Amino acid sequence: MRDYKKIYEEWLQAPYIDDYTKTELKNLTEEEIQDRFYKDLAFGTGGLRGKMGAGTNRMNRYTVRKATCGAANALKARYAGSKTPLRAVIAYDSRNHSEEFAAEAAGVLAACGIHVTLFNTLMPTPVLSFAVPYLNSQMGIVITASHNPKEYNGYKVYDEKGCQLVPDKAEYVIRFVEEVRDLQKIPVADYRTALQEGQIELAGEEILEAFLEAVLKQSGLKDKEAKASLRIVYTPLHGTGNRPVRKVLKKAGFTQVSVVAAQEEPDGDFSTVRSPNPEERDALDLALEQAKREKADLVLGTDPDCDRVGVGVLHQGEYRLLTGNQIGALLVAWVCEKKASSLSSRSTLVKTIVTNDLGARIAADYGLQVVNTLTGFKYIGDKISEYERTGEKKFVIGYEESYGYLAGTHARDKDAVVSALMISEMAAAGKAKGRTLIDELELLYKKYGYYLDALSSYTLEGAKGVEQIQNSMDKLRKEGVRAIPGTTKMTDYLQETEGLPKSDVLKFFWPDGSWMAARPSGTEPKIKFYYSICGSGRDEAEKSLGTIQRQVRELLEL
């Protein structure tokens, strides 16, 4: 471990560190000092993500400046000798300090000679993805920690196609970020001066409108009466989705959309929820309560940067939440049905290796090719770019189990705006036939088999947590199929399996097609276990799932 106390003292004495930060540092305990300075917040393949606060291992204006300086230097090196003017787009979400961090990034880019288009209000991640190629830019940056708790913020970099950097591109940027060692030497333009001189310009409403028009091209339901009859309760969970989701639903013809007022306005403290994650039931509690009062058919909830969406469905008098895998399978069936006449042998579904196989079976039934990627939507976005370049395949839909979906190629990241539109259309079409999305799901199970999926996630903070996560993965890797009773095969994705890049993921298989995957989170101090259980029905699958989860906890002492 490096001399964290020395670096801590350097921050206290440094003339370029502001007084507010120094005051925060002086009030830290010894344990807090160690945690904040024992390492630098890593710029990895997912960019930066961490708790906000003072220190090298935290999200703050200085770590944002360092990341941006490295990204700027990488961009200039990549385009060295080119006469193309360098441009970047920056967006930010509703988290505390997101706007400040966006301004800091804009100041560094401007000082490095890169023209910046900065959104003048909070904006969803998929809009940033759309805006980069729309504005002929070479780079995008979004300040967000997605669905993480309020203490976190993050920083993601996008390429010229609007795709988050995949490992080879990220590693190129990382080299330049690591070369930035003296924070005092990072150039930062004065924000107001850069605005006046045109180095920074504020994005107008026309970009959002162009994005919404692109989203509406994915509409698959023409029945105006069906759409008008659907009652929807929507919550943006204090995030960026409020205007885009409501606008696109209105433009599409959904007239009965009710918004949860207590969660409508931006709030970086996310004061009405434990965590702004639509994967978790309690995040949608207020929306479900409102839905009960209004007898709504559908509940939608998007996370702070509006790239994930959770769904609740009124079925037989009570509200049931759908999992990410269930939503994905329904969307695959919907998109394939609506686009059946345009599908060809090149048509392709792209999903991640920890997404269950129900959607893949549906896609294959419609004649689609199925391509698996590593976990992270950047890999799906990169496939879209690859297919456009080679013409060998044609992207139809992509999704991952963590509530992220994309139909269309207007973005290279998951998009809760287009997802909210398609989910609403599915629900409206089903209601017109006297069916709910639960009914539609049961029809899929009857045809393709029952799938029960679950996610167990364990948060392990600090240096000890990092060690425990690594020890758990090492133990599973060493013991192989002996670790999980009944499994007959283990796939280790550190061995470049299935032609994919190396990744710290293990996947265990049972003879009936069930599987369990283990991976450390790339954005949080967590180890995650994904389960996909096949069975003849829910009771059998739930019993198997409970047994397997208990075995994993006992084995790893979690």
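Residues numbered from 1 in each chain as written. Predicted model: local features only at pLDDT ≥ 70, side-chain atom pairs only at ≥ 80, totals over all residues. Heavy atoms only, no water.

- As annotated in an unreviewed UniProt entry, the protein chain carries the name Phosphoglucomutase and comes from Diplocloster agilis.
- Its UniProt record gives the protein chain a comment under Cofactor (unreviewed entry), which states: "Mg(2+)". (UniProt positions renumbered as here; feature names shortened; annotations may be inferred.)

## Some details on the packing of aromatic side chains
Stage number 1. Applying the stated criterion across every chain yields a total of 11 aromatic pairs.
Stage number 2. One aromatic cluster in this structure is built from Y8, W11, Y16, F37 and Y62.
Stage number 3. We note K489 situated over the ring of F509; from NZ or CZ to the ring centre the distance is 5.2 Å.
Stage number 4. Across the ring face of W515, the terminal group of K507 is positioned such that the distance to the ring centre comes to 4.1 Å. (Phe/Tyr/Trp six-rings, centres within 6.5 Å; stacked < 30°, edge-to-face > 60°. Lys NZ or Arg CZ within 6 Å of the ring centre and 35° of its normal.)

## What about helix α16 (residues 416–432)?
Stage number 1. Helix length check: α16 (17 residues) gives 24 Å between terminal C-alpha atoms against 24 Å at 1.5 Å per residue, within 8%.
Stage number 2. Where burial is concerned, most of α16 is hidden: 15 out of the 17 residues are buried.
Stage number 3. For α16, the N-terminal cap is D415; the gap from its side-chain oxygen to the backbone nitrogen of V417 is 2.8 Å.
Stage number 4. G434, located one to two residues past α16, shows a positive phi value of around 80 degrees. (Helix = DSSP H or I, 4+ residues; strand = E, 2+ residues; numbered from the N terminus. Expected span 1.5 Å × (residues − 1). Buried < 20%, exposed > 50% of the residue type's maximum accessible area, 1.4 Å probe, protein only. Polar contact = N/O pair within 3.5 Å; in protein donor to acceptor, adjacent residues only side chain to side chain.)

## A few points about the sheet that holds strand β6 (residues 200–203)
Stage number 1. Strand order in the open sheet formed by six strands is β1-β5-β4-β2-β3-β6, and the pairing between neighbours is mixed. Each edge of the open sheet carries a strand with a single partner, namely β1 (48–51) and β6. Across the sheet, the mean angle separating the axes of adjacent strands is 15 degrees when strand polarity is ignored.
Stage number 2. By the bridge criterion, five bridges tie strand β2 (residues 87–92) to strand β4 (residues 139–143) in an arrangement that is parallel. Counted as the bridge partner of A91 is V142 from β4.
Stage number 3. The sheet contacts of helix α5 (residues 98–111) involve β2, β3 (115–119), β4, β5 (152–158) and β6, and relative to β2 the element is tilted by about 170 degrees. (Pairing = 2+ DSSP bridges. Axes fitted to C-alpha atoms, helices over the stretch in contact; angles between N-to-C directions. Contact = heavy atoms within 4.5 Å.)

## Brief notes about the pattern of salt bridges
Stage number 1. A full pass over the atoms with the stated rule returns 35 salt bridges.
Stage number 2. The partner of K431 in a salt bridge is D297, with the nearest N and O atoms 2.9 Å apart. With K431 in helix α16 and D297 in the loop between α12 (285–294) and β9 (298–302), this pair connects stretches of sequence that are 134 residues apart.
Stage number 3. Classification of D297 as buried rests on a relative accessible area of 15%.
Stage number 4. Across the pair R435 and E440 runs a salt bridge, and its minimum N-O distance is 3.1 Å.
Stage number 5. In this structure R435 comes out as partly exposed when scored by relative accessible area, which is 30%.
Stage number 6. Judged by its relative accessible area of 19%, E440 falls in the buried class.
Stage number 7. A single network of salt bridges, built from pairs that share partners, joins E205, E209, E213, R243, K247 and K251. (Salt bridge = Lys/Arg side-chain N within 4 Å of Asp/Glu carboxyl O.)

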